[in-house]
Amino acid sequence: MNTEALIKRSRMLARRFRVTDGHGFRLKQVDPGDTLGLGHEDKPIAKKLLAHGVEAMCGLQDKLYAQDRWGLLLIFQAMDAAGKDGAIKHVMSGVNPQGCEVFSFKAPSAEDLDHDYLWRSMKCLPERGRIGIFNRSYYEETLVVRVHDDLLKRQKLPRQLLTGGIWKQRYGEIRNFEQYLTANGIVVRKFFLHLSPKEQRKRFLARLDDPQKNWKFSAADLTERKYWHQYMSAYQDMIRHTATHDAPWYVVPADNKWFTRLVVAGAVIDALDSLGLHYPTITGAQRKALAAARKAL
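This structure is a prediction, so every number in the text was calculated from the model and none was measured.

K.L.:
Please set out the overall build of the protein residue by residue, giving values where relevant.
P.N.:
Along the backbone of the protein there are 13 helices and 6 strands. Here the protein has a C-alpha radius of gyration of 21 Å; the compact-globule value for 297 residues is 19 Å, and the two agree. Each principal axis of the C-alpha atoms in the protein carries an extent, and together these give about 70 × 50 × 40 Å. Every one of the 297 residues in the protein was classed for burial, and the buried ones make up 48%. Across the protein, every contact between residues at least 6 apart in sequence was considered, and the portion connecting residues at least 24 apart equals 83%. Split by element, the accessible area of the protein, about 16200 Å² in all, is 52% carbon and sulfur. Taking the average location of the 47 positive side-chain charges in the protein and that of its 33 negative ones, the two points are 3 Å from each other.

K.L.:
Residues and numbers for the environment of Met92, please.
P.N.:
Inspection of the secondary structure assignment puts Met92 in the loop between helix H3 (84-91) and strand E3 (100-104). Setting aside chain neighbours within four positions, we find Met92 in contact with Met57, Leu74, Ala87, Cys100, Ile131 and Ile133.

K.L.:
Explain the packing of aromatic side chains residue by residue, including any values.
P.N.:
Counting across every chain of the model gives 12 aromatic pairs. Note on Phe191 and Tyr250: the rings are 5.3 Å apart at their centroids and 20° apart in plane angle, and the pair reads as stacked. Taken together, the residues span a long stretch of sequence, with Phe191 in strand E5 (residues 186-194) and Tyr250 in strand E6 (residues 249-253) at a distance of 59 residues. Across this residue pair, the class does not change: Phe191 and Tyr250 are buried. Arg170 extends its terminal NZ or CZ atom over the ring of Tyr117, reaching a point 4.6 Å from the ring centre.

K.L.:
Tell me about the side chain of Gln67, residues and numbers included.
P.N.:
Structurally, the position occupied by Gln67 is in helix H2 (residues 43-67). At 2.9 Å, the side chain of Gln67 forms a polar contact with the backbone nitrogen of His278. Leaving out residues up to four positions away in the same chain, Gln67 has contacts with Gly276, Leu277, His278 and Pro280.

K.L.:
Mind laying out H2, listing which residues take part and the relevant values?
P.N.:
The end-to-end C-alpha separation of H2 is 35 Å, in line with the 36 Å expected for 25 residues at 1.5 Å each. Buried within H2 we find Ala46, Leu49, Leu50, Gly53, Val54, Ala56, Met57, Leu60, Gln61, Leu64 and Gln67. In the segment just after H2, Asp68 is the residue with positive phi, at about 60°.

K.L.:
I'd like a description of a positive patch on the surface, backed by residues and values.
P.N.:
A contiguous patch of positive charge, built from Lys89, Lys213, Lys216 and Lys257, is present on the exposed surface. Note on placement: Lys89 falls in helix H3.

K.L.:
I'd like to hear about the nonpolar core, residue by residue, with values.
P.N.:
Counting 44 residues, the largest nonpolar core has Met57, Leu74, Met92, Phe191 and Leu193 as the members making the most contacts within it. Residue assignment for this core shows that the elements contributing at least two residues are helix H1 (3-15), H2, strand E2 (71-78), H3, strand E4 (131-135), E5, E6 and helix H12 (257-273). In terms of residue count, H12 provides more of this core than any other element does, 11 residues in total. In this view, Leu74 contacts Met92, Ile131, Gly132, Ile133, Phe134, Arg189, Phe191 and Val268; residues no more than four positions away in its chain are not counted. Leu152, Ile166, Phe177 and Met232 belong to the second-largest nonpolar core, a separate cluster that totals 39 residues.

K.L.:
Could you give me a rundown of the environment of Val187, with the residues and numbers involved?
P.N.:
The residue Val187 is located in strand E5 in this model. Counting along the chain gives 113 residues from Val187 to Leu74, while the straight-line C-alpha distance between them is 8.4 Å. Contact partners of Val187, with chain neighbours within four places excluded, come to Trp70, Gly71, Leu72, Leu73 and Leu275.

K.L.:
Summarise the pattern of salt bridges; cite the residues concerned and give the values.
P.N.:
In a structure, side chains of opposite charge can pair up when their charged atoms sit close to one another. Enumeration according to the criterion identifies 13 salt bridges in this entry. Across the pair Arg11 and Asp270 runs a salt bridge, and its minimum N-O distance is 3.0 Å. Here Arg11 is found in helix H1, whereas its partner Asp270 is found in helix H12, with 259 residues between them in sequence. By relative accessible area, Asp270 is classed as buried at 3%.

K.L.:
Report on the packing of H2 against H12, specifying residues and quantitative values.
P.N.:
Two elements in contact, H2 and H12, have axes whose closest approach is 9 Å; the angle formed by their N-to-C orientations is 25°. The angle between H2 and H12 falls in the class roughly parallel. Relative to H12, the crossing made by H2 is left-handed. Residues Lys43, Ala46, Leu49, Leu50, Gly53, Met57, Leu60, Gln61 and Leu64 of H2 form the contact with H12, whose participating residues are Trp258, Arg261, Leu262, Ala265, Val268, Ile269, Leu272 and Asp273.

K.L.:
Residue-level account of unusual backbone geometry, with values.
P.N.:
Here the phi dihedral of Ala81 falls at roughly 75°; this positive angle occurs in a residue that is not glycine. Among the secondary structure elements, Ala81 is positioned in the loop between E2 and H3. Positive phi is not limited to glycine here, since Arg136 has a value of about 70°. Residue placement: Arg136 occurs in the loop between E4 and helix H6 (144-147).

Rules behind the numbers
- Residues numbered from 1 in each chain as written.
- Predicted model: local features only at pLDDT ≥ 70, side-chain atom pairs only at ≥ 80, totals over all residues.
- Heavy atoms only, no water.
- Helix = DSSP H or I, 4+ residues; strand = E, 2+ residues; numbered from the N terminus.
- Rg over C-alpha atoms; globule rule 2.2 N^0.38 Å.
- Buried < 20%, exposed > 50% of the residue type's maximum accessible area, 1.4 Å probe, protein only.
- Contact = heavy atoms within 4.5 Å.
- Areas by Shrake-Rupley, 256 points an atom, 1.4 Å probe, with all protein chains shown as cover.
- Lys, Arg positive; Asp, Glu negative; His and termini not counted.
- Charge placed at Lys NZ, Arg CZ, Asp CG, Glu CD.
- Phe/Tyr/Trp six-rings, centres within 6.5 Å; stacked < 30°, edge-to-face > 60°.
- Lys NZ or Arg CZ within 6 Å of the ring centre and 35° of its normal.
- Polar contact = N/O pair within 3.5 Å; in protein donor to acceptor, adjacent residues only side chain to side chain.
- Expected span 1.5 Å × (residues − 1).
- Patch = residues over 30% accessible without salt bridge, like charges linked within 9 Å, V, L, I, M, F, W, Y side chains within 5 Å.
- Salt bridge = Lys/Arg side-chain N within 4 Å of Asp/Glu carboxyl O.
- Core = buried A, V, L, I, M, F, W, Y, C linked by side-chain atoms within 4.5 Å.
- Axes fitted to C-alpha atoms, helices over the stretch in contact; angles between N-to-C directions.
- Parallel < 35°, antiparallel > 145°, perpendicular 65-115°, else oblique.
- Left-handed = near helix turned anticlockwise from the far one by under 90°.

Structure (structure tokens):
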């Protein structure tokens, strides 16, 4: 498959799961096990397509880096064991490490809590020419902090600011922030890996059964699992209020890792291709300098 055909196919695949207007969005309408009719017998083909996609992405990223005008921010949100780490690892496997950075956001530190909630994310935004990846992000401030309201109370906010309207306020702040990034050449693409509770249980048990995966399991994961319905409600609200044309959400079925990675790769390829990337044009003076360098060699 040539690059042009691959990009077209990637765009068509990814846009099946893209949300640009959250009005009326219902999370229950997205099947975590959806593969668009592809079966497990199609996994070898999917892996081959992913390999070709990674190769195409590598070429686009090289132009992004050389042109040095745009930046790309990829945000991943999901429940535990949904496959964020694996998606990042496999999809970005062919990207030049010089042009890509991954940041994993854990619980905020004491220093983080002495600043506004966007502060620690702002420090990690990608430079022009680079891809930045947030493994969890400022969206945790509308997810885990919303599900566990005691966390909000620890954030040192003045009491008069802790009102019932704080979540809509934060959604508005985030929309404005992402609009600001877009207006300054930082393209934002957001992924919610939609996992079913049944598949999460299966993956948790696999971690317990495999000694080499025991380290991945945490008792805290079971605690959060008890709040499944609250989290789904929070994710739905998050998507409804922050999905925009310029900073869309991709609600990606996550029960089949091979399909998840294919959709994520398609969305990244689509985003990069939409920028009209090209290598910098060499000026006449630069050509003369190159000719002189060749002669000197």
